[in-house]
Amino acid sequence: MLLKLSWKNIWRSKLRSLVVIGSIAMGIWAMIFGNAFMNGFIVSYMANTINHDISHIQVHHPDFKRDQEIKFSVSDGNQKAVQIRSWQGVKGAATRTLVTGMVSSPRKASGVQIRGIDIENEAVVTRLDSLIGEGDYFEGISRNPVVIGSKLAENLQVSVKSKVVLTFNDVNGTLTQISCRIAGIIKSSNLSLGESYVFMRQDDLARQLGIEGEIHEIAVLLESQVDPETIVSRFQSEYPGDLVETWQEIAPQLAYLQDIYGNMLYVLMGIILTALVFGIINTMLMAVLERMKELGMLMAVGMTKIRVFLMIMIETIYLGIVGAPVGLLFGWATVSYLNSKGVDLTAYSEGLEAFGYDSILYPYVADEVYLIVTIGVFITAFVGAIYPALKAIRLKPVEALHKI
Amino acid sequence: MSIIKATDITKTYNATAVPVHALNGINLEIEKGEFTAIVGPSGCGKTTLLNILGGLDHPTTGEVTLAGTNITTMQDGKLIDFRLKNIGFVFQAYNLIPVLTTQENVEFIMLLQKRPKQERDARALELLTQMGIADKAGQRPSQLSGGQQQRVAVARALASKPQFILADEPTANLDSHSTSSLLDIMAKMNKEEGATFVFSTHDQRVIDKARRMITLEDGQIISDEKR
Ligand SMILES: Nc1ncnc2c1ncn2[C@@H]1O[C@H](COP(=O)(O)OP(=O)(O)OP(=O)(O)O)[C@@H](O)[C@H]1O
Ligand SMILES: [Mg+2]
């Protein structure tokens, strides 16, 4: 009986109920959409960084991190990389010879990390070839071809086929200069790729450094479902003595990002639900005050306080029951649509790319978010209903009946 | 044994700076089956008395015994239950639930009492027929005239066969035609079902139909005639 009466009551003031239902739907939609957008940002940023820059696992000489000296190379690095490539769950492993140096054009100079890469395996691990925006991936130049980022090219005021000079110390500490030509320019939102790296063929670099066949870094890309830790343990047991790290250890800020975006959902929910709870209190209080005489009559003829209390609570919950599915449906539809099409932020992307974000986002939500949001809204409706319901049962029938 | 027994009732309102003595020593007994009007000038205490007799308000001093139960010291929660089981109410205005149909309004008290559906339906239709508004069973109160609404209110009060029915100026908002037909119906239900009515009024035509008339003045009973 209460269920039926409450249901009828919420349609007494259609507009007001629709406003509350609309706010609940909007709130749910905003929470889902906001979460999807944050996911889109962070996940694309993480995926971008892992897939194009740091990979899942990196192997170094234990001292290399502290002191990036040329002598700290990974022993038998190339053979280890060959082995790793055959392991289950490994997509690819690329070796790199690294040296810090300077790149200069006739106009400008810039400090960079020079990365001597195994161009075939690098293409597997970081898909560097796919990032070439202008020119070619180490083709079209016969002597010392290099690939640099677009930002760096801009700084140096050079383009494809321009000549640049690399300066660095070789293994004996002798200052060495080699002249190279730009084969390709990378277009990527990743900051390091854009301006901090100069890529050249491993043999070209190693020969100049005087450490032919030696490498400083193995980057390993895994199948997506593989836990990096399992590969790390296998590596440690087979080749003790090297420093092997997962992406969380290499880039703790990424792991941190992953953590905070979980909390961001709750912050967003907190803000929206707080607004909603005040809206609900306000509306239901109006609904109660408007019907004082009627509530007084109901209590006079014998409707108990518990029933009156429940009636107001149920009315509020109904608003949630109607509003929630609408919001969930719209949220789901919006996210599905944007996920399939991608959100093109090119118009704003200069700012975004400067921070290392992609200009096309693919928002998505984890399934449990729908549940969390729904539960949150119902708790909110419940909390918002308590005060008006208490107000209703504090009415004294005689007084309420006499109010106009 | 009388169904309503009020002993030395006084009621003082202290809401304002000057206390208002609305009732000053009321002694009253009403028997089952009576058809009683409480009359008197405005402000004499009719509403106050009916509220106290109905357990909606507590007297300042004195005792009220209804159907053998002393309700004076009863807690509010228990009183609600007592009212539900024993008293029917008809108010001056606004007493139907606007979102329910006529029939649902009549059944409302029985619903609160958890009576079975069959019994509720039968009783509601019986009463609506006696009230001459059976054809309005499916309509909302807003679609009914004032007189018809008040008949629905009487039907609702009668539906659960309470010990007695209290009506505070039930005809105050009605025109003369509706007033006399409502009174006829109340008198008929008094005869046929033996329903006990206590109502207040200052309408002379209503007073003429009463079989007992209690006159109040300044919170005291100045006359009590039976006819
Ligand atoms: N809640 C209240 N607070 C203070 N004084 C009150 C209150 N209710 C009634 N009174 C006073 O008590 C007295 C009796 O009022 P009551 O409403 O019982 O009169 P009544 O006979 O029903 O009048 P009417 O014919 O106008 O309905 C009046 O003087 C009134 O002003
Ligand atoms: Mg009155």
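Residues numbered from 1 in each chain as written. Chains lettered and ligands numbered in written order. Predicted model: local features only at pLDDT ≥ 70, side-chain atom pairs only at ≥ 80, totals over all residues. Heavy atoms only, no water.

Caption draft 1: Focus on the overall build of chain A. Counting its secondary structure elements, chain A contains 15 helices and 12 strands. Taking 2.2 N^0.38 as the reference for a compact globule, 404 residues should give roughly 22 Å; the C-alpha atoms of chain A span a radius of gyration of 32 Å, well beyond that estimate. If you line up chain A on its principal axes, its C-alpha atoms span 100 × 50 × 30 Å. By residue count, 54% of the 404 residues in chain A fall in the buried class. A fraction of 78% describes how many contacts in chain A between residues 6 or more apart in sequence connect residues 24 or more apart. Surface summary for chain A: the accessible area is close to 18,700 Å², and the carbon and sulfur share equals 58%. Across chain A, 34 positive and 38 negative side-chain charges occur, with their mean positions spaced 16 Å apart. (Helix = DSSP H or I, 4+ residues; strand = E, 2+ residues; numbered from the N terminus. Rg over C-alpha atoms; globule rule 2.2 N^0.38 Å. Buried < 20%, exposed > 50% of the residue type's maximum accessible area, 1.4 Å probe, protein only. Contact = heavy atoms within 4.5 Å. Areas by Shrake-Rupley, 256 points an atom, 1.4 Å probe, with all protein chains shown as cover. Lys, Arg positive; Asp, Glu negative; His and termini not counted. Charge placed at Lys NZ, Arg CZ, Asp CG, Glu CD.)

Caption draft 2: A look at the overall build of chain B. For chain B, the helix and strand inventory stands at 7 helices and 10 strands. Taken against the 2.2 N^0.38 rule, which gives 17 Å for 227 residues, the C-alpha radius of gyration of chain B at 17 Å falls within 12% of a compact globule. Dimensions along the principal axes, computed over C-alpha positions, put chain B at roughly 50 × 40 × 35 Å. In chain B, of all internal contacts separated by at least 6 residues, the share reaching a separation of at least 24 is 69%. With the model as given, the accessible surface of chain B reaches about 9,700 Å², and the carbon-plus-sulfur share is 50%. Chain B carries 25 positive and 26 negative side-chain charges, and their two centres are separated by 5 Å.

Caption draft 3: Inspection of the domain arrangement of chain A at higher detail. Per the domain assignment, the segments of chain A are domain 1 (2–49 + 255–401) and domain 2 (62–241). Computed from C-alpha coordinates alone, the two centres of domain 1 of chain A and domain 2 of chain A are separated by 51 Å. (Domains from an automatic or database assignment.)

Caption draft 4: View of unusual backbone geometry. Residues and elements named next belong to chain A. In the Ramachandran plot, phenylalanine 138 falls in the positive-phi region, its phi being about 60° despite a non-glycine side chain. Mapped onto the fold, phenylalanine 138 is located in the loop between strand E4 (132–135) and strand E5 (145–149). For phenylalanine 138, a relative accessible area of 5% corresponds to the buried category. With a phi close to 80°, lysine 161 is a non-glycine residue in the positive phi region.

Caption draft 5: Region of the structure containing the packing of helix H2 (residues 14–54) of chain A against helix H12 (residues 305–341) of chain A. Residues and elements named next belong to chain A. Running from N to C, H2 and H12 point in directions that differ by 35°, and their axes come no closer than 7 Å. Seen along the crossing, H2 lies across H12 with a hand that is right-handed. Class assignment for the residues of the contact of H2 with H12 results in 17 nonpolar, 6 polar and no charged. (Axes fitted to C-alpha atoms, helices over the stretch in contact; angles between N-to-C directions. Left-handed = near helix turned anticlockwise from the far one by under 90°. Nonpolar A, V, L, I, M, F, W, Y, C, P; charged D, E, K, R; others polar.)

Caption draft 6: Molecular detail of helix H14 (residues 367–394) of chain A. Taking 1.5 Å of rise per residue, 28 residues should cover 40 Å, and H14(A) covers 42 Å from first to last C-alpha, within 8% of that figure. Of all the bends found along H14(A), the most pronounced is centred on A:Ile386 and spans about 30°, while A:Pro388, a proline, follows it within four residues. (Expected span 1.5 Å × (residues − 1). Bend = angle between axes of the 7 residues up to and from the residue.)

Caption draft 7: Expanded view of the site of ligand 1. All names here are of chain B. Around ligand 1, a shell composed of 13 residues is seen, among which Ser42, Gly43, Lys46, Thr47 and Thr48 lie nearest. At 3.0 Å, a backbone N or O of glycine 45 approaches an oxygen atom of ligand 1. One nitrogen or oxygen atom from the side chain of lysine 46 is found 2.7 Å from an oxygen atom belonging to ligand 1. Considered on its own, ligand 1 offers 630 Å² of accessible surface; in the complex 63% of this is hidden by protein. (Near = heavy atom within 4 Å. Polar contact = N/O pair within 3.5 Å; in protein donor to acceptor, adjacent residues only side chain to side chain.)

Caption draft 8: How the structure looks around helix H8 (residues 228–238) of chain A. Residues and elements named next belong to chain A. Along H8, the residues that are buried comprise Pro228, Ile231, Val232 and Phe235. Viewed along the axis of H8, the buried residues span an arc of 105°, placing them on a single side of the element. On its buried side, H8 packs onto strand E1 (57–60), helix H3 (77–85), strand E2 (90–104), strand E9 (217–222), strand E10 (243–246) and helix H9 (247–250). (Arc of directions from axis to C-beta.)

Caption draft 9: The packing of aromatic side chains, seen in detail. According to the stated counting rule, one finds 12 aromatic pairs over all chains in the structure shown. Centre to centre, the rings of A:Trp7 and A:Trp11 are 5.7 Å apart; their planes meet at 75°, and the pair counts as edge-to-face. On the basis of relative accessibility, which here comes to 37%, the residue A:Trp7 falls in the partly exposed class. Here A:Trp11 falls in the partly exposed class, since its relative accessible area comes to 26%. With centroids separated by 5.7 Å and ring planes inclined at 0°, the aromatic side chains of B:Phe89 and B:Phe91 adopt a geometry described as stacked. The pair formed by B:Phe89 and B:Phe91 is uniform in burial state, with each residue classed as buried. Through successive ring pairs, a cluster of aromatic residues spans A:Trp29, A:Phe33, A:Phe37 and A:Phe41. Taking the ring centre of A:Tyr197 as reference, the NZ or CZ of A:Arg115 above it sits at 3.9 Å. (Phe/Tyr/Trp six-rings, centres within 6.5 Å; stacked < 30°, edge-to-face > 60°. Lys NZ or Arg CZ within 6 Å of the ring centre and 35° of its normal.)

Caption draft 10: Representation of the sheet that holds strand E10 (residues 220–226) of chain B. All names here are of chain B. Taken in spatial order, the 6 strands make up an open sheet running E6-E7-E8-E3-E9-E10, and their pairing is mixed. For this open sheet the edge positions go to strand E6 (87–90) and E10, each flanked by a neighbour on one side alone. Adjacent strand axes in the sheet meet at a mean angle of 15°, parallel and antiparallel pairs treated alike. In this sheet, strand E7 (residues 164–168) lies alongside E6 in parallel orientation, the contact comprising 4 bridges. Looking across to E7, one finds that valine 90 is bridged to alanine 167. Docked against the sheet, helix H1 (residues 46–53) engages strand E3 (35–39), E6, E7, strand E8 (197–200) and strand E9 (212–217), running at close to 155° with respect to E7. In the packing of helix H5 (residues 146–159) onto the sheet, contacts are made with E6, E7 and E8, and the angle to E6 comes to roughly 170°. (Pairing = 2+ DSSP bridges.)

Caption draft 11: Structural view of the environment of A:Thr174. Residue and element names in this part refer to chain A. Along the polypeptide, threonine 174 turns up in the loop between strand E6 (163–169) and strand E7 (175–186). Counting along the chain gives 196 residues from threonine 174 to tyrosine 370, while the straight-line C-alpha distance between them is 62 Å. Among all residues touching threonine 174, those that are not within four sequence positions of it are Phe168 and Asn169.

Caption draft 12: Summary view of the pairing of E8(B). Residues and elements named next belong to chain B. Burial along E8 is two-sided: Phe197 and Phe199 facing one way and Val198 and Ser200 facing the other are all buried. Strand direction decides the pairing type here: E3 and E8, joined by 4 bridges, are parallel. Counted as the bridge partner of threonine 36 is valine 198 from E8. As paired strands, E7 and E8 are joined by 4 bridges and run parallel to one another. If you follow alanine 167 over to E8, its bridge partner there is phenylalanine 199. Handedness of the crossover is the feature at issue here: the chain leaves E7, passes through helix H6 (residues 176–192), returns alongside E8, and the resulting connection is right-handed. (Right-handed = clockwise from strand over helix to strand, strands pointing away.)

Caption draft 13: Focus on the sheet that holds strand E2 (residues 20–30) of chain B. All names here are of chain B. Strand order in this open sheet of 4 strands is E2-E1-E4-E5, and the pairing throughout is antiparallel. Edge strands, defined here as strands with exactly one partner in the open sheet, are E2 and strand E5 (69–70). Taken strand by strand, H1 contacts strand E1 (4–13), E2 and strand E4 (61–66), and its axis lies near 55° from that of E2.

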